[in-house]
Amino acid sequence: MGLNIGFDGGPTAQGAGVGRYSSCLLRALLSHRCDDAFTIVLPRGMALPSAVDEARCRWHAVRLPVGARAAELLWHRLRLPVPVDVIAGRLEVFHSPNFLLPPLRRARGVVTVHDLSFLRVPQFAYPGLVRYLAKAVPLSVNRADVVLADSQCTADDVVELLGVPQDRVRVIYPGVGPEYGPQPERGEREALRAAYALDRPFVLCVGTIEPRKNYPNAIEGFGRFVQRTGFAGYLAIAGATGWMADDSLEAARRAGPAVKVLGRVPEEHLPALYRQATALLYPSHYEGFGLPPLEAMACGTLVVVAANSSLPEAAGDAAVYCSTDAESIAGALAEALSDDSRAEERRRRGLKRARRFTWERAAEAVRDIYHELA
């Protein structure tokens with residue numbers, strides 16, 4: 001028998017990782033023909049997410065009487081006890097894909113926690129935001145019947161740091177979309193050259209410019225790598241400017257023309273950037289999962305990642321690993337690019353590994369949890 005399932009569609013409008021996760025998961029849930037009916041709850045004024053364009057099951061949208069910022073303020077800062085299923089109608093399950101689960105009357109609650117960086121590495125975020133999340137997220141996970149984690153690393157953090165019983169935490173890995181593949185499109189190299197002035201080989205970094213992504217050390221490590229190997233190309237950073245970005249932007253400015261800050265790039269440009277990159281460099285201090293390394297591997301690109309948090313879960317034996325300091329980053333880049341036969345073997349491993357992670361598989365696992373709760 002089909003269920004009435006509520007899904008918080010607000011996060012699909014966000015950029016970067018959470019927005020992509022929410023959009024891709026919703027698209028995969030809706031594209032499977034089933035008896036379930038989805039109610040997509042949207043803030044006032046938000047357009048319908050593009051995921052509904054491919055829907056093969058029943059759905060409709062319900063709009064909140066307030067916008068996204070007001071809803072967050074009322075539900076999660078002022079803790080207004082207005083259940084979302086009073087607004088959305090009868091629901092058996094309600095899923096929030098972005099940390100914060102609103103009050104519920106009768107629906108069973110599912111919340112996705114992507115990482116606990118605000119507890120593990122609080123120095124990389126604004127103190128006020130850390131204080132807010134440290135209060136709001138525990139309330140959400142305690143309200144939820146099931147907490148979804150993007151990785152075993154995050155699941156372990158949820159149990160250890162938030163005290164959630166293990167039997168209420170489930171690991172469901174994100175997926176890689178079919179657009180991330182190794183076959184280049186006609187003219188994509190020329191298109192990237194025109195759009196981003198990438199007229200030489202480049203090592204690519206992908207992610208919001210914020211302290212946790214470790215861009216200052218990435219830039220310094222790349223500089224040392226160039227000095228030692230003579231690599232005649234760029235470090236290209238694709239990501240929107242986030243919080244506390246000044247040190248990263250200043251490091252890029254000091255490095256001169258060898259470092260190109262591309263800003264936030266359209267999502268449809270990412271596959272081409274991955275395919276045309278000499279390697280992806282991802283030396284983050286902490287990740288709840290880290291989609292870019294997996295997407296790059298799906299495109300047949302070499303990957304250099306930090307050996308911390310969840311990153312080995314994603315990259316497995318296909319990556320070259322580094323620490324987060326500049327010297328280790330330089331050495332890992334040199335190792336990745338110094339031996340063509342080993343590089344080709346890593347590319348093959350990466351392609352094979354990336355095929356394990358699909359949004360269809362993730363959606364099937366999430367749907368099973370919905371039905372288990374009901």
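The preceding data block contains the structure.
Residues numbered from 1 in each chain as written. Predicted model: local features only at pLDDT ≥ 70, side-chain atom pairs only at ≥ 80, totals over all residues. Heavy atoms only, no water.

Novice: Help me out: how do you make sense of the side chain of K260 in this one?
Specialist: Examined against the element boundaries, K260 turns out to sit in strand β10 (residues 259–263). Buried charge without a salt bridge: K260, with D199 as the nearest opposite-charge side chain at an N-O distance of 5.8 Å. Apart from residues lying up to four places away in sequence, K260 is in contact with Y196, A197, L198, Y234, L235, A236 and I237. (Helix = DSSP H or I, 4+ residues; strand = E, 2+ residues; numbered from the N terminus. Buried < 20%, exposed > 50% of the residue type's maximum accessible area, 1.4 Å probe, protein only. Lys, Arg positive; Asp, Glu negative; His and termini not counted. Salt bridge = Lys/Arg side-chain N within 4 Å of Asp/Glu carboxyl O. Contact = heavy atoms within 4.5 Å.)

Novice: I'm lost on the sheet that holds strand β4 (residues 93–96) in this one. Help?
Specialist: With parallel pairing, seven strands are arranged side by side in an open sheet as β3-β2-β1-β4-β5-β6-β7. Of all strands in the sheet, those bounded by a partner on one side alone are β3 (58–63) and β7 (169–171). On average, each strand axis in the sheet is tilted by 25° relative to the strand beside it, whichever way the strands run. When strand β1 (residues 4–8) meets β4, the two strands line up parallel, connected through three bridges. Pairing of F7 across the sheet is with H95, part of β4. (Pairing = 2+ DSSP bridges. Axes fitted to C-alpha atoms, helices over the stretch in contact; angles between N-to-C directions.)

Novice: Looking at this structure, I do not really get the nonpolar core. What am I missing?
Specialist: For soluble globular proteins, nonpolar side chains are generally found buried alongside one another. Among the nonpolar cores identified, the biggest contains 66 residues, and L204, L273, Y274 and Y370 are the most heavily contacted of them. Setting aside chain neighbours within four positions, we find L273 in contact with L192, Y196, L198, F202, L204, L262 and V265. Formed by 35 residues, the second largest nonpolar core is a distinct cluster that contains V18, V41, V164 and V169. (Core = buried A, V, L, I, M, F, W, Y, C linked by side-chain atoms within 4.5 Å.)

Novice: Teacher, can you tell me more about the packing of aromatic side chains here?
Specialist: In this description, an aromatic ring pair is defined by two values, namely the gap between the centres and the angle between the planes. Counted according to the given criterion, the structure contains nine aromatic pairs. Here F222 and F225 contribute two aromatic rings whose centre-to-centre distance is 6.2 Å and whose plane-to-plane angle is 45°, an arrangement assigned as tilted. Remark: F225 and F222 occur in helix α8 (residues 215–229); sequence separation between them is three residues, near one turn of the helix. Classification of F222 by relative accessible area gives buried; the value is 2%. (Phe/Tyr/Trp six-rings, centres within 6.5 Å; stacked < 30°, edge-to-face > 60°.)

Novice: Which parts of the structure should I look at to understand the sheet that holds β10?
Specialist: Note on sheets: strands pair through backbone hydrogen bonds, and any given pair is parallel or antiparallel. Taken together, six strands build an open sheet; the order of strands is β10-β9-β8-β11-β12-β13 and the sheet is parallel. Strands at the two margins of the open sheet, each flanked by one partner only, are β10 and β13 (320–322). Looking at each pair of strands side by side, their axes are set apart by 25° on average, direction ignored. Looking at chain direction, strand β11 (residues 279–282) and strand β12 (residues 302–306) are connected through four bridges and run parallel.

Novice: I keep staring at the packing of α8 against helix α13 (residues 326–337) and nothing clicks. Help me out?
Specialist: Geometrically, a packed helix pair is captured by the angle between its two axes and the distance between the axes. Relative to each other, α8 and α13 sit at 50°, their axes nearing to 7 Å. Judged by the angle between their axes, α8 and α13 are oblique. As α8 packs across α13, the resulting crossing turns out to be right-handed. Taking contact as the criterion, the partners of N217, A218, E220, G221, F222, R224, F225, R228 and T229 in α8 are, on α13, A326, E327, I329, A330, L333, A334 and L337. (Parallel < 35°, antiparallel > 145°, perpendicular 65-115°, else oblique. Left-handed = near helix turned anticlockwise from the far one by under 90°.)

Novice: I would appreciate a short explanation of the pattern of salt bridges in the present structure.
Specialist: Any two side chains of opposite charge can pair, so long as their charged atoms come close to each other. On inspection of all chains with the given rule, the structure shows 22 salt bridges. In this structure, E287 engages R212 in a salt bridge whose closest nitrogen and oxygen atoms are separated by 3.3 Å. On the criterion of sequence distance, the pair formed by E287 in the loop between β11 and α11 (291–298) and R212 in the loop between β8 (202–206) and α8 is long-range, its members being 75 residues apart. For E287, a relative accessible area of 5% corresponds to the buried category. Linked through salt bridges whose partners overlap, the residues forming this network are E210, R212, K213 and E287.

Novice: Would you mind going over the environment of A252 with me for this structure?
Specialist: Relative to the assigned elements, A252 resides in helix α9 (residues 246–255). Relative accessible area serves as the criterion here: at 9%, A252 is assigned to the buried category. Here the alpha-carbon distance between A252 and F222, two residues 30 residues apart in the chain, equals 11 Å. If we ignore the near neighbours within four places in the chain, the residues touching A252 are I219, V259 and V261.

Novice: Looking at this model, I keep getting lost on the pairing of strand β6 (residues 146–149). Mind explaining?
Specialist: Across a regular strand the side chains alternate sides, sitting on one face of the sheet and then on the other. Burial along β6 is two-sided: V146 and L148 and V147 and A149, pointing in opposite directions, are all buried. Pairing geometry for strand β5 (residues 108–113) and β6, over four bridges, is parallel. By the bridge assignment for β6, V111 is matched with V147. In this sheet, β7 lies alongside β6 in parallel orientation, the contact comprising three bridges. For V147, the partnering residue across the bridge sits in β7 and is V169. For the handedness criterion, the β-α-β arrangement of β6, helix α6 (residues 152–162) and β7 is classed as right-handed. (Right-handed = clockwise from strand over helix to strand, strands pointing away.)

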